[in-house]
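# Analysis of the macromolecular model
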Amino acid sequence: MERFSASERLKMEYAQVSLRQQRIFNQSLAFPSASRLAPLVASRCAVRRPSDSLGAQWALHLSPFPQHLRPHWGASNKPHESKHPRRKCLSSRVVRPSPSRVDSASLSYEVFPFGPKEARAALLAEEEEGRYGEERRGPLTEPPGQDLSRRGLPAGPLPTRRPRPTREPAAKAIPGKWLPPGPWDQLRLPPWLVPLHYELELWPRLRPDEFSSPTLSFTGRVNITVRCAVATERLLLHSLFLDCESAEVRGPLSAGPPDGTEGRVPVDDVWSAFDMQYMVLELGGTLQPGSRYELQLRFSGLAYQDLREGLFFSVYTDQGERRALVASQMEPTFARSVFPCFDEPALKATFNITIIHHPSYVALSNMPKLGQSEKGDVNGSMWTVTTFSTTPHMPTYLVALAICDYDHISRTERGQEIRIWARKDAIANGNADFALNITGPIFSFLEELFNISYPLPKTDIVALPTFDNSAMENWGLLIFDESLLLMQPKDQVTDKKAVISFILSHEIGHQWFGNLVTMNWWNDVWLKEGFASYFEYGVINYFNPQFRTNEIFFSNILHPVLSEDHALVSRAVSLEAENFTETSEINYLFDFFTYKKGASLVRMLSSFLNENLFISALKSYLKTFSYSNAEQDDLWRHFQMVIDHQSKILLPAPVKSIMDSWTHHSGFPVITLNVSTGAMKQEPFYLEKVKNQTLLTHNDTWIVPILWIKNGITQSPVWLDKSSKIFPEMQVSDSDHDWVILNLNMTGYYRVNYDELGWKKLTQQLDKDPKAIPVIHRLQLMDDAFSLSKNNYTEIETALDLTKYLAEEDEIIVWHVVLENLVTKDLLFDVNNYDMYPLLKKYLLKRLISIWNRYSTVIRENVAALQDDSLALAALEKLFEAACWLGLEDCLQLSRELFKNWMKHPENEIPSPIKSVVLCNGVAFGTDEEWDFLLNMYANKTKEEERIQLAYAMSCSKDPWILHRYLEYAIIAGPFTFNETNIMEVVAESEVGRYIAKDFLVNNWQAVSVRYGTQSLLTLMHVIGRTISTDLQVTELQQFFGNMLEEHQRLTLHAKLQTIKNKNLENKERKARMTAWLRKNT
């Protein structure tokens, strides 16, 4: 599933983060995630990639990982803990501990006589009435690197929901029956039954022109053939928010096909263990080991609009008409909300799927259509019954279906049909053509690479109007968000082709890593996501030999995750399955570390072996575990077998020992080389090393592959398998041309530090002949030096010394890293940097002019020339922003030209990579005329991304009255609702807007609280108080916000302000040293 690595690559406006987070946060309140009902908070957030012109170019991860699964937590990153007791459901009742008595000795319960569906509605109603309001308003913790000012908390009141349909449950409640301890308290299913085959029928009641309700009912039946492994009189399988209409158990089954003579095992009771999401069948007989049985269940449930879990439906516009579709998202644990099942990845089975649907729709599933018939309902309406061929053995999370009124295009690749389904308008306009043309060749390449044919006879790819997971790899029925699959005419000067190529490669890679060979359980989900993310780059490189793999992997994967990962708050890639206690914890695994760190470790493994050994081991692994499941150790065994059968590559330890030191440990090492002595040491990377180092003793060491170059020549690899070692060959002489760089092509997952002489030699080489150092290592030097200096591993002057040569640097991606570290957000918006600004301006403009002239010429003359340069497209916005902020007149003039031309001819779009900057400058240096023009454009736009972009641009005005009017429009009364993002936070980001927002709060804080929630006031406190550095400022802000916040928020206000103050004091010292260095070197 594509959660981060692909969606992040889409060059969208950074404001979209707020919208996506706001939407998912609202959904989590309006329709609680099936993965966790208590507490009612967003269990996870996956967003499309923002392009933050002020910094990070990757997506944000909202929810912190559960504490007991993380090796270490910093104080500010402790997860928000639920104050509400766990709920249990028994005999079709919700059993909830009474608030009046909750202790370890005894529990008093309130019993609600209704089923799972009604339980959900009741808990939602309680939440709406405020019984869990504190939970909703409570603080959402900030994960590492996340900017809360961009969070975009819910705007306006929660959506109004129609009452859920309710009815009496199938099973009667038995008063006084209590739930004793049992297997239903465990997260994992007991090993009593092994599913072999599902006969699944689903009937969503979707009709054309009848989709105004936020819910859609569906019914279904499932016959599950199981083999009994342990004698039992009780059955457990997964089921959540489903009403069981009937349950029967037939068997033991004979070896042949059913002949109607099978016996029946009585079912005495059916009840729900709600906490662990089980349906429990109490039997009147014992199932015998070795025998096969068939569980026959009928059920009903609800699909929700915009809650894209399990079975859901979406409403969209096509050919000028409102239409609706039904689709599914089963990963990781949502199949149980669609049909009762054994919902664990190791419990693979075959599936015969039948979908009943309205005749005007087409039904799709994993396999080709087998046949169709008709069926009448109780009202006499006729429905189409579509059956599908039997699937291969696969887990429940890959079951997929779609019911839609779409068109498609198709082609045949190696005898297998590939179809892309999308809105009829999109198909007619050719928007799916690019994706179709590359899908077949990607399949063919991976088939040849692994020497394993794709086993299904067809592949359907469906483009949904909106799909929060971005893309899903269901076998035979891949599901995408259409914005990540379809090309629009305006996408020519974006990296959209690269985005589509990456995402398709990722999802097609899953057909082998994940679908064919599945991890045994979710703790090793990186085995599929890490490998799928890694092979994206191999696929793209194969079809584009000029593809700059190292630089793009750095930009998309390595740089983002190294910026997030450190020893105190990060987690290991592979976790112990026994440490998981709640289903919701599985969702947290789909994060930066699974995707990006996983891919980085795979790349490192490939680099210290060689390509042939790497692929040979994977071929063996995939062949051995086809249609089965594997653990991390299984993978290492197959690598070890390949290593043992050759003698060229010698390793210092078994593959398992080497890789376990990376996958089982959090963080990464800093490798420090003393080039005078050849002494090398490793230590864990900490944020702000000196202050925090005493908080944690990191006794483990990594077994580190050291690939390196000396004077531009690749050297023999060495290994650092202890805390320190001496490598005499790494010593450098007094020669001006003698230098060493560790971590060849940045294939290792670590940062590199050098002693003073080592950095000096590299600085001298950059000054004399920068091209002697490859681009990837110029990137590495800048990124490592600034990161290490920021966290007290080296001096800031060391990093600044490296930048002296930049007048000769013609690679925009290197410039991008430098500008990210020098033209930072706090520098952009803080007038207290008045002493540094003129020095930095003079220093950078002297060096920037060459790279600026190159790209400004392209923008003026032929911006389409950049369409195949994804690195330039990603970095251009930061260059443009920095040049204009530094006052480069040509940049300001170009902004004015582009903005004025757009005002006169709105059909002439501003080039997408720099549009945000141009809009902002147009408003900042314009009058109310430009602002009003943007407001009118906002009114006429329907796409959320475009509206967000305009909403942010309108906050760039430097006129106080315009900003005040903007706040009046957004908060109190105006022509538009501005629901896409939090306008208070947007305005408060700028230096002028900070004072306007603070002044506006004095008289309107209650309206702001109602509009955005009291949590937004805490976020505003961070934004408004971001520059405080004295106790007096802390006291003033504490008094200012004190009356606006709730009691539990006031308690933490002072500590938060002190944290901001202390951080700013540290930054103040750093900026003073930067200023002194600039005075010397400008």
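Attention here is on the structure that accompanies the text. From a predicted model like this one, the values you see are computed outputs, not experimental measurements.

## A short note on helix α28 (residues 991-1012)
Helix length check: α28, at 22 residues, gives a terminal C-alpha distance of 22 Å against a target of 32 Å (1.5 Å per residue), a shortfall beyond 12%. The largest bend in α28 is about 90 degrees, located at Asn-1004. Along α28, the residues that are buried comprise Glu-991, Gly-993, Arg-994, Ile-996, Ala-997, Phe-1000, Leu-1001, Asn-1004, Val-1008, Ser-1009, Arg-1011 and Tyr-1012. One or two residues past the end of α28 sits Gly-1013, with phi positive at roughly 90 degrees.

## Details of the state of the cysteines
Counted under the stated rule, the structure contains two disulfides. Disulfide pairing is shown between Cys-884 and Cys-891; the S-S distance is 2.0 Å. One quick way to see it: the torsion about the S-S bond of Cys-884 and Cys-891 is about -90 degrees, and its sign makes the bridge left-handed. With a relative accessible area of 0%, Cys-891 lands in the buried category. Listing the disulfide partners of the protein by sequence rank of the bonded cysteines yields 1-2, 3-4.

## Here's the deal with helix α6 (residues 496-509)
Since there are 3.6 residues in each turn of an α-helix, residues three or four apart along the chain are aligned in direction. Taking 1.5 Å of rise per residue, 14 residues should cover 20 Å, and α6 covers 20 Å from first to last C-alpha, within 8% of that figure. Counting buried positions along α6 yields 12 of 14 residues, so the element is predominantly enclosed. Listed in full, the buried residues belonging to α6 are Lys-496, Val-499, Ile-500, Ser-501, Phe-502, Ile-503, Leu-504, Ser-505, His-506, Glu-507, Ile-508 and Gly-509.

## Considerations on the pattern of salt bridges
Side-chain pairs of opposite charge can arise whenever the charged atoms involved come near each other. For the structure on display, the rule yields 47 salt bridges. Here Arg-250 ties to Glu-248 by a salt bridge, and the two come within 3.5 Å at their closest N and O atoms. The partly exposed category is assigned to Arg-250, whose relative accessible area is 24%. Residue class for Glu-248 comes out partly exposed when judged on its relative accessible area of 27%. In this structure, Arg-336 engages Asp-343 in a salt bridge whose closest nitrogen and oxygen atoms are separated by 2.9 Å. On the basis of relative accessibility, which here comes to 3%, the residue Asp-343 falls in the buried class. Taken together, the shared-partner salt bridges connect Asp-318, Glu-321, Arg-323, Asp-405 and Lys-424 into one network.

Conventions adopted
- Residues numbered from 1 in each chain as written.
- Predicted model: local features only at pLDDT ≥ 70, side-chain atom pairs only at ≥ 80, totals over all residues.
- Heavy atoms only, no water.
- Helix = DSSP H or I, 4+ residues; strand = E, 2+ residues; numbered from the N terminus.
- Expected span 1.5 Å × (residues − 1).
- Bend = angle between axes of the 7 residues up to and from the residue.
- Buried < 20%, exposed > 50% of the residue type's maximum accessible area, 1.4 Å probe, protein only.
- Disulfide = S-S within 2.5 Å.
- Salt bridge = Lys/Arg side-chain N within 4 Å of Asp/Glu carboxyl O.

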